[in-house]
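# An overview of the molecular structure
Listed here are the chains, written in short residue letters.
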Amino acid sequence: MNTLICLVSLLPLIGFLLNGLFRKSMPKALAGIIGSGTILVSFIITLVIFVQVKKEGFEPITVNLFPFITSDTLKIGFSFLIDPLSTLFMLIITGVGFLIHWYSTSYMHEESAPDYAKYFCYLNLFVFFMLLLVMGANYVILFIGWEGVGLCSYLLIGYWFKNLDYGTAAKKAFVMNRIGDLGFLIALFALISQFGSVNFDEVFSKAPTASTQFITCVTLLLFIGATGKSAQIPLYTWLPDAMAGPTPVSALIHAATMVTAGIYMVARSHVLYNLAPFSQTVVAVIGSATIILAATIAVKQNDIKKVLAYSTVSQLGYMFLGLGVGAYTEAVFHVMTHAFFKALLFLGAGSVIHAMSGEQDIRSMGGLKKYLPITHITFLLGCLAIAGIPPFSGFFSKDEILTAAYERNPVYYIVGVAGAMLTAFYMFRLYATTFLGGFRGTEKQQHHLHESPGAMTIPLIALAILATVGGFLGIPEVFAKNSNWLGHFLGPVLGEHAPEASISVSTEWMLMGVSTVLAASMVIYAWGRFSKKPELDTPRGIGKWMADKWYVDEIYQALIVRPLKAFSGFLDNVMEKGVIDGVVNGTGRLVQYSSRQLRYLQSGQVGGYVLLMVIGIIALFVVQLFLRK
Amino acid sequence: MPINYYIFLAIALFCIGVAGVLTRRNAIIIFMCVELMLNAVNLLLIAFSKMHHAEVATDPNAGINGQIFVFFIMVVAAAEVSVGLAIIAMLYRNTHSVDVNFLNRLKH
Amino acid sequence: MVPVLLIGIPLLGGLIGFSLKDIAAKGWSLLISLLVLAVILFGISLPSESSSLLFNVPWMGSLNSHFAIGLDGTGKILCLLTAIAFPVIFISTWSETYARAKNFYSLMLLSLTGLLGVFLAADALLFYFFWELALIPVYFLASQWGGEKRIAATFKFFIYTFLGSLMMLVAIIYIYFHTRDHSFSRNSFYNAHLLIQGETQSWLFWLMFVAFAVKMPIFPFHTWQPDTYEQAPTAVTMVLSGVMVKMGVFGVLRWLAPVLPLGTYLWGDTVSTLCIIGMIYASLIAMRQNDLKRLVAYSSIAHMGLMCLAIFATTRAGLEGVNIQMFNHGINIIGLWIIVYLIEKQFGTRKISELGGLASTAPVLTMMMVVITLANVALPLTNAFIGEFLMFTGIFLSKATSYNVVFTVTAAITVILSAVYMLNMIQRVFYGETNALTARGIDARGYEKWILALLVVIILAVGVYPQPLIRLTEDSVNLLLSKMFTRPT
């Protein structure tokens, strides 16, 4: 079993090495097979592990590979922890990952062979680091995966490196992630100083011994890391810019997996968060705020990928809202369903972009449903899922979060429902503008329109099936007794959540009903409005503010980036050259000046020398007789 | 006579000598002033020698050190004058003047 | 025996080198440096109590100073770094033809002698002797074969460093007079603090620390460094920043902290504040630099500031981090310098504004640069992450100061800033379109590729499995911890 566990993460690493070292001589087909094949085999092995984990009475397995850092009493090992939570994430990563790899073999086929191999090399490295993140048995291994996926994100966003704007987007992603990582690191050091260990089991068992303030500080710092990685307020602006990367990258990294790292980390640390109610409130509030902010921006975006990007930010807000009200299982459930439908939506968008010869503006699209039938149906299914229409997966997961939010505080529920309405609205605005109505693009584009090849459509179909039926894995108790399979599966790790505890069955039905009806009505409204009259004019007034992302980027530029540059310029020109170097060079000049002045003593005049002699003798006398006591 | 008179006289002579050494340009005058300084010191030494001799009644050799030292000073003065005048003679031969201000070849 | 070989081989090699022909000098120096590497690897493989790791003969009897050299934990890792660095430097700059090459290579070997001597010396006067001996050949190397403004830069470098060293000499002599048995040996110095009062230890600390502060360099004694690094020939810069700056850190570890523990404790906060100011200051200035060499120079100041900060934290984790980071930083910075050298050799310019798009014409070079850059910003699974993690943990856990959390947080800001300027540099030099100058570029070939690959392998190997290196310096860390002043809890 242990070797199987190691193999899961090792295979993508091998794929990375093979594609990386033999890039120049690797034919495209082979690169694609190595890249996707390793992930497929990892997925199969994960299924085998999953079968084991699913059994009743399963004890989490820890695999200790080797001692990583040992310093006196601090022992950090390179270890893996296999329990239901990590297994679930592993399944999502390798499963959805494989589908996206397969899709990429066709999507990226226009690249040259070395670049093609480079793409799969980076993608495999990403899967390796992501697996490391979820399989780690302590915070340090998690952090290794954490930063590693940040690196791969940087490499893949800037994949087409000739374009400097893409490079800037990649840099922004990395730096913003790093800002979050600062919080994570401080939390790590605090954990070491308090508990003397970073292993999950030791930290969680010793957690109740620490003071609430301490746990609150640590959890807040960890959450800062999560806001960076999972694009919450205030560190979310990198995610929309990250759409500069290839679409499968956006699907895998910025929708299904990397951005969920923050959720995983908070879910894993639920013991700590349960001990710090204040942090939970912060998480929930920021999650809620992000839901609304991102949704409002998505309403006015015209780039198909940007809409999906802001949608991701918003959905991540839902997950954090879930975590913040203590609904850990529900949040993880939403991670799973979101992985399905968001990856589906992104891959569908990729298919559209591919068919439109690279066009991404939805105002130039329209009526694509007759040219791209499979893409159309799967995209529609994805939209229904994300809008939360039963019986699609998004409905179950979102509703469970909303129910749990209502328990904690009805305001959260209202915010969540508002977000759901906005979600339904902008998603169907996107759907209708893209696929319905008449085609608004150029002649040339229309000629090129064709359905994507099998390697792209089959993953779409697979994900569509998952997005449709995936929700049945976690049906809330209210529908049928003992039906929440996912809740039972994750129960040993995350604690069973008993929804019957505080609200009655009828309230729960009513909540579900209200949100469904509101969402469905928005769907119908948006479908009707945008299929007839797509939104082509430039927005004005509040709409303009929403389209311009509420000027958050500009605020950051003005408040942080420009003052920092000015400050460093000041330091360089004034402090460095003027003050410090001035002192040093000034000392040298002072010495030269005084030596020039002293030189005048050497006048060659005998009289002068004698005078000095006499003065010296008198001085000696004075010192000797009067000043020495 | 009270010792003070001798002290004041010796100081006066010494100061005149120092002033002369510092301010005069003629090398020979400078030498004379140096002699003045030395003789002032001689005067002082003898005066103190006599004072010590007068104070100590028992010892016939009291205060003799001062007078012996005067002899040393006189000998040194004589030697110094002979060497110094020889240098001045060489100085005159080279620069045709005994002006001390012309000796500035050591200037950088 | 081993230390004698370590010093004797390069010394003789250097002296012989002066009489060789120019063509033979390059190969001869590479041979000597590889021999040194073999000796140090052998020395590391011996158990630490082995007697062949020590050598002690009377030297200046009247002063009771011995020629005592010994190889212990910290010395091992630094000698290993030096022994790896010099062959790497020679191989990577193989294509360079210097005027009067035999002088150049012989002076390099003499500076190798001096450096190894500093790390091996177990006698204070001998330590000072080798300290100056390491400095002099470097001065000649930089002033004879350097860039346009070399005379002024090296003059400033020499006087500045020398001033610091003289103060250190005064302090050494003062302590010598206060040892029980009137000797310069290390053990006597370690016991001398018992005879020196607190206030005296205060100003003694600064006398000695100035020398190390100038060497490392610590803000505000750092202004000689960017100019000297820029003007010196790149091989000499590699020696300077790869090995020589570690002399400063080593001096604090071996000759300052255990000898004057009270002084170290009293001034810990002040020095830590200077270090942190220096780290952030240097990182911010690095963001503005247009010259590749100056950017790497300022980056180096930031890294060394962190190491100095970790020493004054007086914790096991911090000290282990410093020891391993000295090795890591040496490897990483030499990798950076090699790439700067390759770029300058091809395009004749180091100005970032004149370069661009190198990734299209030189993908292998770009990949190596990315890995080494990631090591420089301490990405996990690279060697520098281990060092920085241990150091930050050490600073956070420090009981020697009440500001440990503040120090850790402000020092960790450089983690963000280093990512900013390094990634900025990579984007402007490597990504984007090629311009007229860089369109004719070629990739790293043959030995250039392999030497960079070697460094990358070391970076990743130490990053994944650092335990052996940490274990190597355990004895020094234990000794140091026992001597350093810990506040009574």
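Numbers given for residues are sequential positions, taken from 1 along each chain in its written order. Both sets of labels track the order of writing: A upward for chains, 1 upward for ligands. Whole-chain, interface and lining totals are the exception, using all residues; otherwise, since this is a predicted model, local features are given only for residues with pLDDT of at least 70 and side-chain atom pairs are given and counted only at 80 or more. Computation of side-chain values covers all heavy atoms of the structure but excludes hydrogens and water.

### Concerning the overall build of chain B
Selection criterion: Working definition: helices are DSSP H or I runs of at least four residues, strands are E runs of at least two. Numbering for both runs from the N terminus. Each radius of gyration reported is based on C-alpha atoms, and the globular scaling rule is 2.2 Å times the count of residues to the power 0.38. Only protein chains enter the accessibility calculation, which uses a 1.4 Å probe; a residue whose area is less than 20% of its type maximum is buried, one above 50% is exposed, and one in between is partly exposed. Here, two residues are considered to be in contact whenever any of their heavy atoms come within 4.5 Å of each other. Neither His nor the chain ends contribute to the count of charged residues, in which Lys and Arg are positive and Asp and Glu negative. Where a charge lies is defined by one atom per residue type, namely NZ (Lys), CZ (Arg), CG (Asp) and CD (Glu).
When helices and strands are counted, chain B shows three helices and zero strands. Computed over its C-alpha atoms, the radius of gyration of chain B comes to 18 Å, more than 25% above the 13 Å expected for a compact globule of 108 residues. Dimensions of chain B, computed from C-alpha atoms along their principal axes, come out at roughly 60 × 25 × 25 Å. Across the 108 residues of chain B, 23% fall into the buried class. Within chain B, residue pairs in contact and separated by at least 24 positions form 61% of the contacts whose partners lie at least 6 positions apart. Of the side chains in chain B, 6 bear a positive and 5 a negative charge, and the two mean positions are spaced by 20 Å.

### Quick look at the overall build of chain C
Here is the rule: The method behind every accessible area is Shrake-Rupley, applied with a 1.4 Å probe, and residues are considered shielded solely by the protein chains displayed.
Per the secondary structure count, chain C includes 21 helices and two strands. Computed over its C-alpha atoms, the radius of gyration of chain C comes to 21 Å, within 12% of the 23 Å expected for a compact globule of 489 residues. For chain C, the C-alpha atoms occupy an extent of roughly 70 × 55 × 45 Å along the three principal directions. Here chain C holds 489 residues, and 67% of them are scored as buried. Total accessible area computed for chain C in this model is approximately 15,400 Å², and 68% of it derives from carbon and sulfur atoms. Between the averaged position of the 28 positive side-chain charges in chain C and that of its 22 negative side-chain charges there is a distance of 3 Å.

### Digging into unusual backbone geometry
With omega at 0°, the peptide bond leading from A:I233 into A:P234 counts as cis. Put simply, A:P390 and A:P391 share a cis peptide bond, and its omega is -5°. Checked against the element boundaries, A:P391 lands in the loop between α16 (373-387) and α17 (393-408). A positive phi angle, close to 60°, is found at C:A378, a residue other than glycine. Relative to the elements of secondary structure, C:A378 occurs in the loop between α16 (363-376) and α17 (383-396).

### Side note on the interface of chain A and chain C
We apply this condition: Here the quantity called buried area is the accessible surface, traced with a 1.4 Å probe, that two parts lose on coming together, added over both. Pairing of N or O atoms within 3.5 Å defines a polar contact, subject to two protein rules: one partner must be a possible hydrogen donor and the other a possible acceptor, and residues neighboring in sequence count only if both atoms are side-chain atoms. Each residue is assigned to one class: nonpolar for Ala, Val, Leu, Ile, Met, Phe, Trp, Tyr, Cys and Pro, charged for Asp, Glu, Lys and Arg, and polar for all the others, Gly among them.
On the side of chain C, 59 residues touch chain A, which itself brings 52 residues to the contact. Together chain A and chain C conceal approximately 4,800 Å² of surface at their shared face, both sides included; 74% is due to carbon and sulfur atoms. Area buried by chain A at its contact with chain C is led by A:F161, A:R178 and A:F189, which between them contribute 14% of it. Counting across the interface, chain A meets chain C through 10 residue pairs in polar contact (both at pLDDT 80 or more). Those elements giving two or more residues to the side of chain A that touches chain C turn out to be β1 (61-71), β2 (74-82), α4 (113-135), α5 (139-157), α6 (164-195) and α24 (552-598) of chain A. Of the residues that constitute the side of chain A that touches chain C, the class distribution is 32 nonpolar, nine polar and 11 charged.

### Things to note about the interface of chain B and chain A
At the junction of the two partners, chain B supplies nine residues and chain A supplies 10 residues. Contact between chain B and chain A buries roughly 780 Å² in total, counting both sides, with carbon and sulfur atoms accounting for 66%. If you look at where chain B meets chain A, you find zero residue pairs in polar contact (both at pLDDT 80 or more). For the side of chain B that touches chain A, the per-class residue count stands at five nonpolar, three polar and one charged.

### As for the packing of aromatic side chains
For clarity, the threshold we go by: Side-chain rings of Phe, Tyr and Trp (the six-membered ring for Trp) are treated as a pair once their centres are within 6.5 Å; stacked means planes under 30 degrees apart, edge-to-face means over 60, and tilted covers the remaining angles.
Following the criterion strictly, the structure yields 76 aromatic pairs over all chains and no others. Among the aromatic residues, those joined into a cluster by ring pairs are A:Y139, A:F143, A:W146, A:F184, A:F189, A:F200, A:F204, C:F385, C:F389, C:F392 and C:F396.

### Some thoughts on the pattern of salt bridges
Our working rule: Should a side-chain nitrogen of Lys or Arg be within 4 Å of a carboxyl oxygen of Asp or Glu, the pair is scored as a salt bridge.
Within the structure shown, the criterion is met by 21 salt bridges over all chains. When salt bridges that share partners are traced, they join C:K156, C:D227, C:E230, C:D291, C:R294, C:E344, C:R350 and C:K351 into one network.

### What to know about the arrangement of the chains
The top pair by number of contacts, from a total of two pairs of chains in contact, is chains A and C. A minimum C-alpha distance of 25 Å separates chain B and chain C, which share no contact.

### Focus on the nonpolar core
Quick reminder of the rule: Put simply, a nonpolar core is a bunch of buried Ala, Val, Leu, Ile, Met, Phe, Trp, Tyr and Cys residues held in one set by side-chain atoms that sit within 4.5 Å of each other. An automatic or database domain assignment is the source of the domain bounds shown.
A:Y139, C:M208, C:F209, C:F327 and C:I343 are the most contacted members of the largest nonpolar core, which has 410 residues in total. A domain split of this core shows at least three residues from each of domain 1 (287-537) and domain 2 (557-627) of chain A. Aside from chain neighbours lying at most four places away, what touches C:I343 is C:L292, C:G348, C:T349, C:L355, C:L358, C:L365, C:V429 and C:F430. Residues A:Y318, A:L321, A:V325 and A:Y413 belong to the second largest nonpolar core, which totals 14 residues.

### Section: the side chain of C:S111
All names here are of chain C. Secondary-structure assignment places S111 in helix α4 (residues 101-120). Judged by its relative accessible area of 0%, S111 falls in the buried class. Among the polar contacts made by the side chain of S111, one reaches the main-chain carbonyl oxygen of M108 at a distance of 2.8 Å. Residue contacts for S111: discarding those within four places in its chain leaves F86, A134, P137, V138 and V239.

### What about the pairing of β1(A)?
Residues and elements named next belong to chain A. Basically, it comes down to this: What makes two strands pair is DSSP finding at least two bridges between them.
Looking at chain direction, β1 and β2 are connected through nine bridges and run antiparallel. Counterpart to F66 in the pairing with β2 is F78. From the end of β1 to the start of β2, which pair antiparallel, there are two residues, and D72 there has a positive phi angle of about 60°.

### Focus on the packing of helix α2 (residues 22-45) of chain C against α4(C)
Residues and elements named next belong to chain C. For clarity, the cut-off: Axis definition: a line fitted to C-alpha atoms, limited for helices to the stretch in contact. Angles are taken between N-to-C directions and run from 0 to 180 degrees. Working definition: roughly parallel below 35 degrees, roughly antiparallel above 145 degrees, roughly perpendicular at 65 to 115 degrees, and oblique for all remaining angles. It is the rotation of the near helix from the far one that decides the hand of a crossing: anticlockwise by less than a right angle makes it left-handed, clockwise makes it right-handed.
Where α2 contacts α4, the axes come no closer than 7 Å and their chain directions differ by 15°. Here α2 is positioned roughly parallel relative to α4, judged by the angle of their axes. The chirality of how α2 crosses α4 is left-handed. Facing α2, whose interface residues are D22, A25, K26, W28, S29, I32 and V36, α4 presents A101, K102, Y105, L109, L112 and L116. Residues of the contact of α2 with α4, tallied by class, amount to nine nonpolar, one polar and three charged.

### Details of the pairing of strand β2 (residues 65-70) of chain C
Residue and element names in this part refer to chain C. Bridge count between strand β1 (residues 54-60) and β2: six bridges; the pairing is antiparallel. The residue of β2 that forms the bridge with V57 is F67. Between the end of β1 and the start of β2, which pair antiparallel, lie four residues, with N64 showing a positive phi angle near 55°.

### Examining the confidence of the model for chain C
Parts of the prediction with low pLDDT should not have their coordinates interpreted in detail. Residues and elements named next belong to chain C. The line we're drawing: pLDDT is a per-residue confidence score from the predictor, ranging from 0 to 100.
Residues at a pLDDT of 70 or more form 99% of chain C, whose mean pLDDT is 88. The element-level mean pLDDT for chain C is lowest in helix α7 (residues 186-192), coming to 81, with α17 highest at 93. The ipTM, which scores confidence in the relative placement of chains, is 0.91 for this predicted complex, and the corresponding pTM is 0.88.

### Side note on a nonpolar patch on the surface
To keep things clear, this is the line we draw: In this scheme, patches are assembled from residues that exceed 30% relative accessible area and form no salt bridge. Like charges are connected within 9 Å, while nonpolar side chains (Val, Leu, Ile, Met, Phe, Trp, Tyr) are connected within 5 Å.
On the surface, A:M613, A:I617, A:I618, A:F621, A:V622, A:V623, A:L625, A:F626 and A:L627 cluster together into a nonpolar patch covering about 940 Å² of accessible area. As for its position among the elements, A:M613 is in helix α25 (residues 606-627).

### Structural notes on the environment of A:L156
Residue and element names in this part refer to chain A. Counting through the fold element by element, L156 comes out in helix α5. Since its relative accessible area comes to 0%, L156 is described here as buried. Sequence spacing of L156 and G183 is 27 residues, and the spatial spacing of their C-alpha atoms is 25 Å. Not counting residues within four places of it along the chain, the set of residues in contact with L156 comprises Y119, Y122, L123, G245, P246, V249 and I253.

### Notes on the environment of B:G63
All names here are of chain B. Of note, G63 is situated in the loop between α2 (27-55) and α3 (64-95). Take G63: its relative accessible area is 18%, and that puts it in the buried class. Separated by 20 residues in the primary sequence, G63 and V83 place their C-alpha atoms 32 Å from one another. Contact partners of G63, with chain neighbours within four places excluded, come to S49 and H52.

### A closer look at helix α13 (residues 292-311) of chain C
Residue and element names in this part refer to chain C. Let me state the cut-off plainly: One less than the number of residues in a helix, times 1.5 Å, gives the span that helix is expected to have.
The terminal C-alpha atoms of α13 lie 29 Å apart, and with 20 residues this matches the ideal 28 Å at 1.5 Å per residue to within 8%. Of all 20 residues in α13, 20 are buried, a share of seventy percent or more. Looking at where α13 begins, the residue whose side-chain oxygen comes 2.8 Å from the main-chain nitrogen of K293 is D291.

### Here's the deal with the packing of helix α3 (residues 84-107) of chain A against helix α20 (residues 454-469) of chain A
Residues and elements named next belong to chain A. One way to put it is that α3 packs onto α20 with a least axis distance of 7 Å and a crossing angle of 155°. The angle between α3 and α20 places the two elements in the roughly antiparallel class. Seen along the crossing, α3 lies across α20 with a hand that is left-handed. Residues L99, W102, Y103, T105, S106 and Y107 of α3 pack against A455, M456, I458, P459, A462 and L463 of α20. The residue makeup of the contact of α3 with α20, split by class, is 10 nonpolar, two polar and no charged.

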